[in-house]
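Report on the structure
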Amino acid sequence: MATVQEKLITPITGGASEGPRNKVTVVGVGQVGMACAISILLRELPDELALVDVVEDRLKGEMMDLQHGSLFLKTPKIIADADYAVTAGSRIVIVTAGVRQQEGESRLNLVQRNVNIFKHIIPQIVKHSPNCILVVVSNPVDIMTYVTWKLSGLPKHRVIGSGCNLDSARFRYLMAEKLSVHPTSFHGWILGEHGDSSVPVWSGANVAGVNLQTLNPDIGTDQDKEGWKETHKMVVDSAYEVIKLKGYTNWAIGMSVADLTESLTKNLSRIHPVSTMVKGMYGINEDVYLSLPCVLNNSGVSSVINMTLNAEEVAKLKKSADTLWGIQKDLKDL
Amino acid sequence: MATVKEQLIEHVMKDEVSIPCGKVTVVGVGAVGMACAISILTKELTDELALVDVIEDKLKGEMMDLQHGGLFLRTPKIVADKDYSCTANSKVVVVTAGARQQEGESRLNLVQRNVNIFKFIIPNIVKYSPNCIILVVSNPVDVLTYVAWKLSGFPRNRVIGSGCNLDSARFRYLMGEKLNLHPSSCHGWVIGEHGDSSVPVWSGVNVAGVSLKNLNPGMGTDEDKENWKEVHKQVVESAYEVIKLKGYTSWAIGMSVADLVESIMKNLRKVHPVSTMVQGMHGVKDEVFLSIPCVLSSSGLSDVVKMTLKSDEEEQLRKSADTLWGIQKELKL
């Protein structure tokens, strides 16, 4: 007795469909991981989404909740498992796993806790998706991107840290509010270490190519009567403030990761301030990851923009590099 | 000494008060409210989003977190306040506020808790957006949509319950899995009461216009060897199952609400199974809200589709109507 499916449908292609072309995996289904997942799905970027975590009930629940919205999406396959086999064939793997910053805790304090988790995660990802691009979000992101690069054995252009992508987005939002324009119309870059020591490159801040530092040479300094430096301070304080109010941040980081994912999957060659291996640049001699403007395409970081930084800005990058290396050199088993 | 802004920008228009054209308010910034918010924002449906809640810290934190994504969005204004004045001039107000179902708790048990909350919320919404469309999501949605309608004094086209929009989406997803097709190519309507007593209209289930019940006349009955009835059973149990696994549901309902908001904002006249006043239809005699296929446009719920239901399907609707009326008549509004 033929089933409804058999009566309804005559197959044409013999076997199963080809594998996915734009598979994205999100490791960690906490608030950040799920915000990345929902932003990526709503932007219709992947043809397959895989979720991995260790907490199996929650993982299955999140998978089902996303699947139930399939009618509204263009991602026909959403899967999840604690076993990394589910991630096989991914083009992009987004790593959000790890413990989150507690109220008042600096990012650097998280480090050893998260390194131990990554020792379990990264080799498994690479085993199942040896050609993927890894996007690291977990904090402290610059160190965790270094750790990921070491543990994965992947070439450096395929290991990217979300870095200052969010800091720059917040900077552009806050500056644009002050100037009453849309964030996309204010251009400004925050580079270096994601967090307390990030570097706002005031010399590049502009609207329609009009350089703000030319209009106000004191911009970003303590002498500035308009106090523009405060805007960068607000960026640094942002995460702590949102954490104090709602316990964690997720929406903004999720959206910023989806933005990176779009450049990678669609081979856009857009420039993003993300964390990349900067040894050999700006007098930095150690293997550290810091955010610089990177051209992202479907092979990962294809190139880096040579910023014109003043001596003070270069010194700050070098100082961050030293701080990060100070921690990294003591990490065990990488 | 001119500021950077003064040097950079010259204001050339006479200042007018700008009134948003497609403002959306979300009441309640819990998991459901925020899932609605992020879906609406990412789908670029509105030029202004307002959030309201009673917990001020969380509310401010959620607002800031969304604002920080401003670079990636096309919604230039995101505001939030405990005070409903921030919701003024909304086109659509999505109400997600209220207590959520506990594990194993039925939707009907939530009712009185949520009625009391609505007595505060609805008049405030109406005060600041007298012409808005209210979209009720809080459970039990059919009862609370009735409550919102009564408390608001709005005409019935401007008070809509999210109803079976999600049930039908889940049904179509499961149907798609069974047939190895995309849900949007699987057509099936789940109507009536959102929840345990929803009605799958098997006669309408089709792919490319081919009625599946014609191919399998036992479909939906206990005799069906393919057990399609299980598909509807899974729809009913979906929410409980996800709640058991992750504590609540959010993403699917958020996406389904954004789907409804899109039809309203863009005046699409798409047909959705949402909760509306069905007195006088299908033998229902009382003022109850149940989901039937409705045409959604910029005026809200402008038309309904008259389904041809079997007598046992209509009987189920009437039974739901009786249960809902039984609860509603005891409510102090």
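Residues numbered from 1 in each chain as written. Chains lettered and ligands numbered in written order. Predicted model: local features only at pLDDT ≥ 70, side-chain atom pairs only at ≥ 80, totals over all residues. Heavy atoms only, no water.

Quick notes on the UniProt feature "domain: Lactate/malate dehydrogenase C-terminal" (unreviewed entry) in chain A
Those places that UniProt annotates as "domain: Lactate/malate dehydrogenase C-terminal" (unreviewed entry) correspond, in this numbering, to residues 165-325 of chain A. In residues 165-325 of chain A, the share of helix is 42% and the share of strand is 21%. The end C-alpha atoms are 22 Å apart. (UniProt positions renumbered as here; feature names shortened; annotations may be inferred. Helix = DSSP H or I, 4+ residues; strand = E, 2+ residues; numbered from the N terminus.)

Structural notes on the interface of chain A and chain B
Size of an interface, as often reported, equals the accessible area lost when the parts are brought together. Opposite the 58 residues of chain A that make contact, chain B presents 58 residues. Together, the buried faces of chain A and chain B total about 5700 Å²; carbon and sulfur atoms form 69% of this surface. Run the count over chain A and chain B and you get 6 salt bridges. The partner of A:Lys246 in a salt bridge is B:Glu62, with the nearest N and O atoms 2.7 Å apart. (Contact = heavy atoms within 4.5 Å. Buried area = accessible area lost by both parts, 1.4 Å probe. Salt bridge = Lys/Arg side-chain N within 4 Å of Asp/Glu carboxyl O.)

Regarding the confidence of the model for chain B
Caution applies to low-pLDDT regions: their predicted coordinates should not be interpreted in detail. Across chain B, pLDDT averages 94, with 98% of residues at or above 70. For this predicted complex, the interface score ipTM comes out at 0.94, alongside a pTM of 0.95. (pLDDT = per-residue confidence, 0-100.)

Comments concerning the pairing of strand S3 (residues 77-80) of chain B
Residue and element names in this part refer to chain B. Bridge analysis of strand S2 (residues 48-52) against S3 gives 4 bridges, and the strand direction is parallel. Its bridge partner being in S3, Glu 48 is matched across the sheet by Lys 77. What joins S2 to S3 is helix H3 (residues 56-67), and the crossover it makes is right-handed. (Pairing = 2+ DSSP bridges. Right-handed = clockwise from strand over helix to strand, strands pointing away.)

A word on the layout of surface pockets
By volume, the largest pocket amounts to about 820 Å³. Elements with a minimum of two residues in the lining of the largest pocket: helix H2 (31-42), helix H4 (111-128), helix H6 (165-179) and helix H8 (229-246) of chain B. Among the elements that make up the lining of the largest pocket, the one with the highest residue count is H4(B) (4 residues). Considering only residue class, the lining of the largest pocket consists of 21 nonpolar, 12 polar and 6 charged. Around the second largest pocket, the lining comprises 33 residues; the ones closest to its centre are A:Val32, A:Thr96, A:Gly98, A:Val99 and A:Arg100. Taken together, the elements giving at least two residues each to the lining of the second largest pocket come down to helix H2 (31-42), helix H6 (165-179) and helix H8 (229-246) of chain A. (1 Å grid on protein atoms, 1.4 Å probe; cavity = no way out; pocket = protein on both sides within 12 Å on 5 of 7 lines; lining within 4 Å. Points joined across faces, edges and corners; volume = space filled by probe spheres on them. Nonpolar A, V, L, I, M, F, W, Y, C, P; charged D, E, K, R; others polar.)

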